[in-house]
Amino acid sequence: GATATFATAYSGSRSLATETATGGYHLREYTRGNGIETYNCKKGSSYTAATDFTDADNNWTAAEYNNANFDNVAGDAHFGAQATYDYWKGVHARNSYDNAGAKIKSYVHFDDTPGDGKGFENAYWDGAEMTYGDGASTFKPLTALDVCGHEIGHAVCEKTANLTYANESGAMNEGLSDIWGASVEKYTCDNLGLTKSTWDIGEDIMKAGGALRSMSNPNLYGQPALYKGKYWAATTSAPSNANDQGGVHTNSGVLNYWFYLISVGKSGTNEVGNAYSVGALGLSAAAKITFRMESVYMTASSTYAQARTYSIQAATDLYGAGSTQVQAVTNAWYAVGVGAAYGGTTTTPTTSAYCTSQGGSQAYEYIDYVKLGTGIARTSGADGGYYDGTASSASVVAGSSQTVSFSAGFTGSAYTEYWKVYIDYNQNGVFTDSGELVVSGSSSSAATLSGT
Ligand SMILES: [Ca+2]
Ligand SMILES: [Ca+2]
Ligand SMILES: [Ca+2]
Ligand SMILES: [Ca+2]
Ligand SMILES: [Zn+2]
């Protein structure tokens, strides 16, 4: 083994492990698991044609590598892989992403469309290696430390919970990667005396400034801070790249914000008017709880509601029932709209006078059927234009998908009927809060309609 001094693009001058090679030293090392290797795709799309970066004296200076090709980003990729390995080993006693020392290979200067003068605007983990583009209009070369931690976080997820990359499970797959990206970045910065923006993701690689995502303020970049709240993306039965697999890069904001809240603590009122108070656990305890949730309890199909249950269990395992950690975890879920605050009781529904019927022609058209779960299934006549069904109830699992069915009755011809179904999720007696209109539609027949 050898130790390089490398003037990186984003993280200053760093000591990196390298190896001697023909012509000097190259970016391979075998002091971490089965090794860390960084290669040059030379603006091509071939991995097999990739070559080593080689330096004669192992002092990789800005004069040599901060060049037109910005070859200095190879140092960032090598550094990012080493730092990510060190985080998982140091904090979670995990030997590489698979806990079996898997080699981490990185390929920089990858271009999916070689020769067009535009770099690849992405970085990804493909199940076997890291690929970094050089960016074009939006991004600089994508070799930032938090991006590296994020991508290898997907590899960790694949080897643990293996969350399906669509809808809620996919959003949490993305959220966990942001959590690991931020955690790797903070741990590394603390150890090396570097300064980066922990709660921003991708701040080093944005040509126009800002970041890709904010974990402390998800709304800033169009992500929800509340489950099914503002900016929540529609989930779908047909996930595709066109709908971001059901909004995985959007709805991750909820998990990101939950993690931020338990790390630093916060008291406030969320967008549906619920006052919360979350104690600060510090990033290290927050990460331990989160990784136990991911590696011990989550499965491929886990939902946000299950993540709540699993993280409370993980905090209970690590710190005990009723601990400040369990309280903070529970209250952070409450803050992001998943479940009740710590203390058990759900807020008592506000007693409110129900509206009087606005329908003026119930002799001709009315609701004649409503069904939800196994507790509510009501066939009726016109009810004089209004039915107070508060004595009926159906028990459904929080966070689960449910189908509500309904139909219109007519005494004569069938008219076009307009339907809206609301759920007072936050039990404040009003149905106009964000996300509470759950089904809407219209029909000009007496057929039974349904919405999920
Ligand atoms: Ca040199
Ligand atoms: Ca290109
Ligand atoms: Ca960052
Ligand atoms: Ca409400
Ligand atoms: Zn990702």
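Above this text sits the structure in question.
Computed from a prediction, not measured in an experiment: that's the story for all the values here.

### What to know about the sheet that holds strand E1 (residues 2–7)
No. 1: Pairing in this open sheet of 5 strands is mixed, and the strands run E7-E3-E2-E1-E8 from one edge to the other. One side of each edge strand has no neighbouring strand; the edge strands of this open sheet are strand E7 (54–55) and strand E8 (59–60).
No. 2: Looking at chain direction, E1 and E8 are connected through 2 bridges and run parallel. Within E8, the position partnered with threonine 5 by the bridge is asparagine 59.
No. 3: Contacts from helix H2 (residues 73–92) reach E1 and strand E2 (13–21) within the one sheet, and its direction differs from that of E2 by about 95°.

### Side note on the pattern of salt bridges
No. 1: Tallied over the entire structure, the rule returns 9 salt bridges.
No. 2: With a closest N to O distance of 3.0 Å, lysine 103 and glutamate 37 form a salt bridge. Taken together, the residues lysine 103 in the loop between H2 and strand E9 (104–110) and glutamate 37 in strand E5 (residues 36–44) connect sequence positions 66 residues apart.
No. 3: The partly exposed category is assigned to lysine 103, whose relative accessible area is 31%.
No. 4: Among the ionic pairs, arginine 292 bridges to aspartate 317, the shortest N-O distance being 2.8 Å. Pair noted here: arginine 292 is in helix H6 (residues 282–297) and aspartate 317 is in helix H7 (residues 304–319), with a separation of 25 residues, a long-range link.
No. 5: Given a relative accessible area of 27%, arginine 292 falls into the partly exposed group.
No. 6: What makes aspartate 317 partly exposed here is its relative accessible area of 33%.
No. 7: Several salt bridges share partner residues, and in doing so they unite Glu29, Arg32 and Asp86 into one network.

### Some points on H2
No. 1: The end-to-end C-alpha distance of H2, which contains 20 residues, comes to 28 Å, matching closely the 28 Å that a straight helix rising 1.5 Å per residue would cover.
No. 2: Note on H2: the residue one or two positions beyond its end, alanine 93, has a positive phi of about 50°.

Each value, and the rule that gives it
Residues numbered from 1 in each chain as written. Chains lettered and ligands numbered in written order. Predicted model: local features only at pLDDT ≥ 70, side-chain atom pairs only at ≥ 80, totals over all residues. Heavy atoms only, no water. Pairing = 2+ DSSP bridges. Helix = DSSP H or I, 4+ residues; strand = E, 2+ residues; numbered from the N terminus. Contact = heavy atoms within 4.5 Å. Axes fitted to C-alpha atoms, helices over the stretch in contact; angles between N-to-C directions. Salt bridge = Lys/Arg side-chain N within 4 Å of Asp/Glu carboxyl O. Buried < 20%, exposed > 50% of the residue type's maximum accessible area, 1.4 Å probe, protein only. Expected span 1.5 Å × (residues − 1).

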